[in-house]
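Residue-level structural notes
Residues per chain, in single letters:
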Amino acid sequence: HSSQRARRSFNQGATMADEYKAQGNAAFSAGNFAEAVEHFTAAIGVDSANHVFYSNRSAAHAALENFDAALTDADKTVEVKPDWAKGYSRKGAALYGLQRFDDAIAAYEAGLAIDPANDQLKSGLEDVTAAAQRANSGADGDDPMGGAGGIGSMLSSPELYGKLALDPTTRGYLAQPDFIAMLTDVQKHPDSFSKYMSDPRMMKVLTVALGVSVMSGDDAMNGGLFNDKSGAESTADAPAAAAAPVRAKRAAAEVEVEEPTGPKAEAKKEKELGNAAYKAKDLDAALVHYNNAIALDPDDISYITNKAAVNFEKQDFDACIKNCDDAVERGRELRVDYKMVARAMTRKGNALVKQDKLELAIEQYQKSLMEHRNADTLTRLNNTEKTLKDKVVKAYLDPVKAEEARTLGNELFKDQKFPEAVEQYTESIRRNPEDHKVYSNRAACYTKLAAFYEAEKDAKTCIKMDPTFVKGYSRLGHVEFFTKQYDKALETYQAGLTVDPENEELKDGLRRTMGEIQKGNSGQLDEDEMKTRQARAMQDPEIQCIMQDPIMRQVLDDFSNHPKAAAEHQKSPMIMAKIQKLINAGIVQTR
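What counts and how
- Residues numbered from 1 in each chain as written.
- Predicted model: local features only at pLDDT ≥ 70, side-chain atom pairs only at ≥ 80, totals over all residues.
- Heavy atoms only, no water.
- Helix = DSSP H or I, 4+ residues; strand = E, 2+ residues; numbered from the N terminus.
- Contact = heavy atoms within 4.5 Å.
- Areas by Shrake-Rupley, 256 points an atom, 1.4 Å probe, with all protein chains shown as cover.
- Salt bridge = Lys/Arg side-chain N within 4 Å of Asp/Glu carboxyl O.
- Buried < 20%, exposed > 50% of the residue type's maximum accessible area, 1.4 Å probe, protein only.
- Core = buried A, V, L, I, M, F, W, Y, C linked by side-chain atoms within 4.5 Å.
- Axes fitted to C-alpha atoms, helices over the stretch in contact; angles between N-to-C directions.
- Nonpolar A, V, L, I, M, F, W, Y, C, P; charged D, E, K, R; others polar.
- Phe/Tyr/Trp six-rings, centres within 6.5 Å; stacked < 30°, edge-to-face > 60°.
- Lys NZ or Arg CZ within 6 Å of the ring centre and 35° of its normal.

1. Looking at the overall build of the protein
On a plain count of helices and strands, the protein comes out with 33 helices and zero strands. Put simply, 55% of the contacts in the protein that link residues at least 6 apart link residues at least 24 apart. When the accessible area of the protein is evaluated, it comes to approximately 30500 Å², of which 51% is carbon and sulfur surface.

2. Looking at the environment of Asp325
Inspection of the secondary structure assignment puts Asp325 in helix 18 (residues 317–334). Distance from Asp325 to Val341, taken between C-alpha atoms, is 9.6 Å for residues 16 residues apart in sequence.

3. Remarks on the pattern of salt bridges
Applying the stated criterion to the full structure yields 30 salt bridges. A salt bridge links Asp73 to Arg57; its shortest N-O distance comes to 2.7 Å. Of this pair, Asp73 sits in helix 4 (residues 67–80) while Arg57 sits in helix 3 (residues 51–63), placing them 16 residues apart in sequence. Accessibility assignment for this pair places Asp73 and Arg57 in one class, buried. Between Asp83 and Lys81 there is a salt bridge; the shortest N-O distance is 3.9 Å. Owing to a relative accessible area of 31%, Lys81 belongs among the partly exposed residues under this scheme.

4. Comments concerning the environment of Thr483
Mapped onto the secondary structure, Thr483 falls in the loop between helix 26 (470–482) and helix 27 (486–499). Note: C-alpha distance between Thr483 and Phe452 (31 residues apart in sequence) is 7.7 Å.

5. Description of the nonpolar core
Tyr96, Phe101, Tyr108, Leu125 and Val128 are the most contacted members of the largest nonpolar core, which has 20 residues in total. Among the elements of the structure, helix 4, helix 5 (85–97), helix 6 (101–114) and helix 7 (119–137) are those that each provide at least two residues to this core. Counting residues per element, this core draws most heavily on helix 6, at six residues. Not counting the four nearest positions on each side in its chain, Val128 is found in contact with Tyr96, Phe101, Ala104, Ile105 and Tyr108.

6. Remarks on unusual backbone geometry
Phi is positive for Gln315, which is not a glycine, with a value near 65°. Topologically, Gln315 is positioned in the loop between helix 17 (302–313) and helix 18. With a relative accessible area of 60%, Gln315 lands in the exposed category.

7. A closer look at the packing of helix 27 against helix 33 (residues 573–585)
Remark: helix 27 packs on helix 33, axes separated minimally by 7 Å, with the N-to-C direction vectors making an angle of 120°. Residue-level contacts link Tyr486, Asp487, Lys488, Leu490 and Glu491 of helix 27 to Lys581, Asn584 and Ala585 of helix 33. Residue composition of the contact of helix 27 with helix 33, grouped by class: three nonpolar, one polar and four charged.

8. Structural notes on the packing of aromatic side chains
Tallied over the entire structure, the rule returns seven aromatic pairs. Consider the rings of Phe452 and Phe482, whose centres lie 6.4 Å apart with planes at 40°: the pair is tilted. Taken as a pair, Phe452 in helix 25 (residues 452–465) and Phe482 in helix 26 lie far apart in primary sequence, 30 residues in all. Every member of this aromatic cluster is reached through a ring pair, and the members are Phe452, Phe481, Phe482 and Tyr486. Positioned over the ring face of Tyr396 is Arg430, at 4.4 Å from the centre of the ring.

Any link to function would need more than the numbers given here.
Printed below as a string of structure tokens:
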């Protein structure tokens, strides 16, 4: 048991260190070098024997131009792993940044003694040797191509790569191989600068290096760059030190990602074989490879979640769920990335959906989102909740019980027990939402309770479900009449009469509505009531549209002030329909 506890403690520590390293790599890639230093320091605090952590922190320090700290970490890298050539590359870059050229040359040569074919060490040695030669030549700032204060020196500045990485307009250049080749050529052979002056990227690099606007293309080739007096004065502020260590910046262009070795490497190969089998739909073979990977490296839960994916495809959902539970449990023990735990939870939710255990699936999706908010998981949660809701509604349907509830509601309505009647009609709708008559009945109840918004909604639903059901029009017309929307009530009653021209309830509603409209037109309403009616009418989007129409505003002005023009307007059925709408609403009065 003690050995198992020790092994678990070691695994947890290694996992934490790897997590810190991953965070540092991500910060470095984003250009957040100070943050990267913090993460690599945390990794070293967990595992101080890992040479990669010191190497990566050295790169981050170099990117911050803190070459003393970069050298300290590089020395530690070489001390921990003296046979690792990368450590000497870090050391050479740091020494190059400190302009200790002879020491830098010695560091690169020591690395090449271990790995003679290492291109990075070879390139670093070439750069620092060229820089040492320029420094020993005593070139001065009068030589714009190679002097200490000239273009060659500026483009070899240790600050240059940092400036290019931080400037959003040049950051992308560092990922372009032809740009790196062009810049490297100029650094090694300053006289070659002129042949690249037509490339706008090179002009942009000068702009960033000098901190001033630089001409590009033909203007620069015609002498504007070097002959302009103000440009020469600006150039004088550029670093005037001996050729500077651009290699120090380039060494920090990436951090080391350690490749697995031993059982972990074998596990990775098994995973790749499993992935290939999975894609080929050879699921049994995929399971064998993933099981082998788990046996070789039980600390990588991605192998377990991959196994779960295979069992999901095989529709062995119980096995898939067990795999996911194992992955979550193991992930908790190892304190792995919360995204991996969330992925296992989502996969378990998917399996539960297939088993039609929707409540449990929703619970898993919610747990997954607490670990990591993922758009795909959120979509699955929403879809499953909707499916569950539809399932519950469908399971509750029962036309027989719906009719029983409607009949009871009618009895309660006759007894003037309107709230109780609403409850029964609502129950009937839940049991059978396709019965339009129940919406009509509930609308009548709501009207009695003065719940006009709900009554209007139910009446409109009834008409929409069955446009030939006359009672729906009378329900809606009554609501609009009681809320003094006389223009709408008039239209509703008329629409109902087109369905049943002899319906007395609709005729009576129409007469009462016309009477109220006439009262407004003839001045029988007091001023306050008229203003209230007009204010209510102006809330109608259709009325608002008419009143905001410039043509209709001109028409209304013509009716008031230009009788001849008004007579012409009366010949237009469309205009007169809008005028009648305004009259019925009380906006326009005819006396």
